[in-house]
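Read off the chains here:
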Amino acid sequence: MTKKQQARAAKESAAFLLLVGGILILINVLGVFFHSRVDTTDKQLFSLSKGSLHLASTLKDQMEIVAYFSADLPPPHNATERYVRDLLLEYKDASHGKITLRFVHPEKDEDKQAAERDNVPRVQDQKLEADSFSVQEGYRGLAFHYLGDTRSVGHIDSTDGLEYEIAQLIKEMSGEKVKIAVLDGHNEAPQQQNPMMMMQQPQGGPHMNSIKGYLPTYDVQEIRADKEIPADLKALLIVQPEIPFTEQELRYINQYVMRGGSLAIFGGALKVDMAGGAPTASAVDVGLNKLLDKWGVRLEGKLVADAQCGRARMQTSLGIPLPVPYPPVPVVSFTEYQRKHPALFKLDQVGLPYSSPLTLSDVLKSDKLVKRTLLANSTKQSWLMEGPSIELKPTDRWRVPGYSGPYVMAVALEGKLPSAFAQAPASTPEANANAASDIKAPERAEKPVHVLVFGTGYFMRDEFLPDPSRGQRESGGAVALALNAIDWLAQESDLIEIRAKSVEDPALAVPMNVKEAEATIRRAVQEQDEAKADKAFKERKQAMAAWDQKKSTYRWANTLGLPILFALFGLSRWRARKARKAGMQL
Amino acid sequence: MHRTLTIAKREFRGYFNSPAAYIVVCLFLILMGFFFWNPFFLINRASVRGMYDLMSVLLLPTMPALTMGLLAEEKRTGTIEILLTMPVKDGEVVVGKYLAALGLLAVLLLCTLAYPLSVSTLGRLDWGPVFTGYLALLLEGGAMLAIGVLASSWTDNQLIAFFTSGIICFAFWVVSRFLPFMPQAAASVVEWLSFDYHYQDLARGVVDTRNVFYFLSVIGFSLVLAFRSLESRRWS
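Residues numbered from 1 in each chain as written. Chains lettered and ligands numbered in written order. Predicted model: local features only at pLDDT ≥ 70, side-chain atom pairs only at ≥ 80, totals over all residues. Heavy atoms only, no water.

Core analysis: the largest hydrophobic core is formed by 75 residues, its most contacted members being B:Tyr15, B:Met51 and B:Tyr52. Apart from the residues lying within four places of it in its own chain, the contact partners of B:Tyr52 are B:Pro129, B:Val130, B:Gly133, B:Tyr134, B:Leu137, B:Tyr199 and B:Ala203. (Core = buried A, V, L, I, M, F, W, Y, C linked by side-chain atoms within 4.5 Å. Buried < 20%, exposed > 50% of the residue type's maximum accessible area, 1.4 Å probe, protein only. Contact = heavy atoms within 4.5 Å.)

Let's shift gears to the pattern of salt bridges. Evaluated as defined, the whole model comprises 20 salt bridges over all chains. In this structure, A:Asp548 and A:Lys551 form a salt bridge, with 3.8 Å as the shortest nitrogen-oxygen distance. Placement of the pair is A:Asp548 and A:Lys551 together in helix H14 (residues 530-582), with a separation of 3 residues, close to one helical turn. What makes A:Lys551 buried here is its relative accessible area of 18%. B:Arg3 is the salt-bridge partner of B:Glu92, the closest N and O atoms lying 3.1 Å from each other. (Salt bridge = Lys/Arg side-chain N within 4 Å of Asp/Glu carboxyl O. Helix = DSSP H or I, 4+ residues; strand = E, 2+ residues; numbered from the N terminus.)

With that settled, consider the sheet that holds strand E6 (residues 140-146) of chain A. Residues and elements named next belong to chain A. With respect to topology, 4 strands assemble into an open sheet ordered E3-E2-E6-E7, the strand pairing being mixed. Both edges of this open sheet fall to strand E3 (99-104) and strand E7 (149-153), since each of them pairs with a single strand only. Neighbour-to-neighbour, the strand axes of the sheet open up by a mean angle of 20 degrees, direction not taken into account. (Pairing = 2+ DSSP bridges. Axes fitted to C-alpha atoms, helices over the stretch in contact; angles between N-to-C directions.)

Of the residues lining the interface, 58 residues belong to chain B; the matching set on chain A comes to 53 residues. With both sides pooled, the region where chain B packs onto chain A buries about 5,300 Å², and carbon together with sulfur makes up 61% of that total. The shortest N-O distance in the salt bridge between B:Arg204 and A:Glu90 comes to 2.9 Å. Of the residues in the side of chain B that touches chain A, the class split is 30 nonpolar, 16 polar and 12 charged. Pairing analysis gives 3 bridges linking strand E1 (residues 37-39) of chain A to strand E1 (residues 206-208) of chain B, with the strands arranged antiparallel. Across the sheet, A:Asp39 pairs through a bridge with B:Val206, a residue of E1(B). (Buried area = accessible area lost by both parts, 1.4 Å probe. Nonpolar A, V, L, I, M, F, W, Y, C, P; charged D, E, K, R; others polar.)

On to the side chain of A:Gln240, then. All names here are of chain A. Take Gln240: it is sitting in the loop between strand E10 (235-239) and helix H7 (247-258). In terms of polar contacts, Gln240 uses its side chain to reach the backbone carbonyl oxygen of Leu270, at 3.1 Å. Other than its neighbours up to four places away in sequence, Gln240 contacts Asn187, Phe266, Gly267, Gly268, Leu270, Thr456, Gly457, Tyr458 and Arg461. (Polar contact = N/O pair within 3.5 Å; in protein donor to acceptor, adjacent residues only side chain to side chain.)

This part takes up the side chain of A:Ser356. Residues and elements named next belong to chain A. Tracing the sequence through the fold places Ser356 in the loop between strand E18 (349-351) and strand E19 (358-360). For Ser356, the side chain forms a polar contact with the main-chain oxygen of Glu300, separated by 3.3 Å. In this structure, Ser356 is in contact with Ala269, Leu270, Glu300, Lys302, Val304, Val408 and Gly455, ignoring residues within four places of it in sequence.

For the rest of this paragraph, the subject is the sheet that holds strand E13 (residues 280-283) of chain A. By definition, the strands of a sheet pair up through backbone hydrogen bonds, in either a parallel or an antiparallel sense. Residue and element names in this part refer to chain A. With antiparallel pairing, the 3 strands of this open sheet are ordered in space as E12-E13-E22. Taken across any chain shown, the strands that pair with only one partner, and hence form the sheet edges, are strand E12 (270-273) and strand E22 (390-391). Inspection of the sheet shows E12 paired to E13 by 4 bridges, in the antiparallel sense. Each residue of the ladder has a partner; that of Leu270, found in E13, is Ala283.

Inspection of helix H2 (residues 50-57) of chain A places A:Gly51, A:Ser52, A:Leu55 and A:Ala56 among the buried residues, and these make up the whole buried set. For H2(A), the arc enclosing every buried residue in end-on projection is 125 degrees, short of the 170-degree limit, so these residues lie on one face. (Arc of directions from axis to C-beta.)

Our next topic: the pairing of strand E2 (residues 63-69) of chain A. All names here are of chain A. Counting buried positions along E2 yields 6 of 7 residues, so the element is predominantly enclosed. Pairing of E2 with E3, which is carried by 6 bridges, proceeds in the parallel orientation. From the neighbouring strand, Ala67 faces E3, where its bridge partner is Phe103. The sheet contact formed by E2 and E6 spans 7 bridges and is antiparallel. Looking at E6, one finds that Ile65 is bridged to Phe144.

What follows is about the packing of aromatic side chains. Per the stated rule, a full pass over the model turns up 29 aromatic pairs over all chains. When the ring of A:Tyr326 is compared with that of A:Trp398, the centres are 5.8 Å apart and the planes differ by 70 degrees; the resulting orientation is edge-to-face. Of this pair, A:Tyr326 sits in strand E17 (residues 321-333) while A:Trp398 sits in the loop between E22 and strand E23 (408-415), placing them 72 residues apart in sequence. Ring geometry for B:Phe172 and B:Phe195: centres 5.0 Å apart, planes at 15 degrees, overall stacked. You can see B:Phe172 sitting in helix H9 (residues 158-174) and its partner B:Phe195 sitting in helix H11 (residues 195-203), a full 23 residues away along the chain. Exposure remark for B:Phe172: the relative accessible area of 25% places this residue in the partly exposed category. Assessed through its relative accessible area of 0%, B:Phe195 is described here as buried. (Phe/Tyr/Trp six-rings, centres within 6.5 Å; stacked < 30°, edge-to-face > 60°.)

Take a look at the structure:
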């Protein structure tokens, strides 16, 4: 080959490489704009919900998320970091460059100080070392920086609900608020002392200043129902009304629901006067049953008392308050089925003070467009208190007429509800009747709506809630229930899905005989049967030994068994080749 | 294509006719088994994601070891000239040898299938990420093999080929760890270039065409370079 030919070949080769490289780069660049993605996990773990995607993609400014995770966190927190990393990467991808991520393993003092500044405190975890536990300090939190504002998820204990928490934070920081309203004009009693605890000073209005403090992502308005309710409100809350509704108001509320608004009625059949630490309750008829009857629910003017209850302070003759069981505050435990409802997400039990029972009818039983879910009920050891003035003063001697429970205390309705005033004429000949009948509403809700009915709204009122500045984590079940309920009413359904997402890999299955032995131990302890417990303990010990043996077998069979098998295959192949060669003749 | 497959079969058989394949596979399995199963019951989760992270690291020395001799040894012994005088094209030689190494990688991965099968008897295993994890390993390992073939085409010394491809693969793998120290604009590009960025997405159960295109591009470009490198002996 001449030098000229060599140079030409070299040039052609270089041009070819450039062409191939260019095509590959082009394919990859085009792939950024035209790509598809499949999440193969069972629960679509790595696909952000529509709500989160929307939040990330509509950020107006740069947001920096800093993940502080110590490098050597003990299980299960070491797996948490990976999930957090994956989740944040999803947010980053969805944000079109608006979210930047920084992963910090705080080892240097300056990183530790930065974590503390970002409200990510150092936490202590137990670590298993050989046969003992030791305490290890580390960081596992997130900080969000946006437009000069910093918020944090201080310590991540579990990945359950983390996407929801992040979504809420981003929403809070980016200022996209959901409009909801609390109905005003139906609460007359001034706020008084709660006999269980004194949380707040008396304030006016519907007494919901505390709960508003827990709802930073909501624009909570107070409205009246004497005119059309704005359709852009995601939810309307009626909390413990005491003054009757006019027909016009009820029709406006009905119209709002029929146009697709969500409604929550928290109480409305009882009025509790808590003056002087000796509360009394009396039935009130505010007229909400005119609405609810059509939807198969009725608030009764009685009070549910339960042996499973909270405690209140009883004044003794010595003047020292003594905590005693307080049946007017039933502590409701939720079943596994009930806990699946978003309004009860993560809740084991909650106190529902001064609740009326709900009576359910079958008017919508055959209506396939409406789903009714029973959310809360008292225990079998509950009873009803009734009368013109029900004494609720804390005492250590309650008159129990006999257990007659359980009673329904909360119900959720969802679907296309029928109108409560579809074709009915105005029910009273009052002056506003004609005007009321002019309030038009579709015969059925135009789109699926959410309606919650609770026998009480006192758990949402300031008297029963801690100061929101103390933080949600200190607030217990009542706040969680209220927030879950509002989220369910007002949020997009895809955000609700986030709360129910369980993201941890399933744990290894403990053998059935270990579980059976543990159940037997529990039963034996309850029955105080020492011999049975001893036998079950021995059975468990044997079962655990067998389980440990199985683990060991798996470990060594995989670690050494596989390579040995492969080596044996090589050996047999080598011997076969050798034999074949020995048999070969030239 | 027929000639390519003939070369691939010959090379693939060659791996198993020498102790090399057995040593590599057995060492790989012992290390994997030790590092995966030791903490497995302590973590107590029915997941094999940890296995993919380990494998990604172990592929770094393994893949260059499998490819270092593919062309370098032929060059050193001079058999490459005999091979290329046969009625085969340079491209067919490169692709054939690459496919043989890819076959061995597939055998290696097949051996580790015992892990998810074991885990699935101990708890409810999500098989979606298991399959995508193997796809990730095949693509990442495939990219490393292609780089290995390229490095092997540059030299007639196996050791140099091993270290050259090892360093390149390591650079692609480790670069994502230095992103916090880079300027934002550069970090995005470097991140996109890193193996780990694309690998992790697949390993957790998400198949994204961008990641697949990336690995296929690395494989394609490396093999084209190797082909040109081999061909250059005619005019250099």
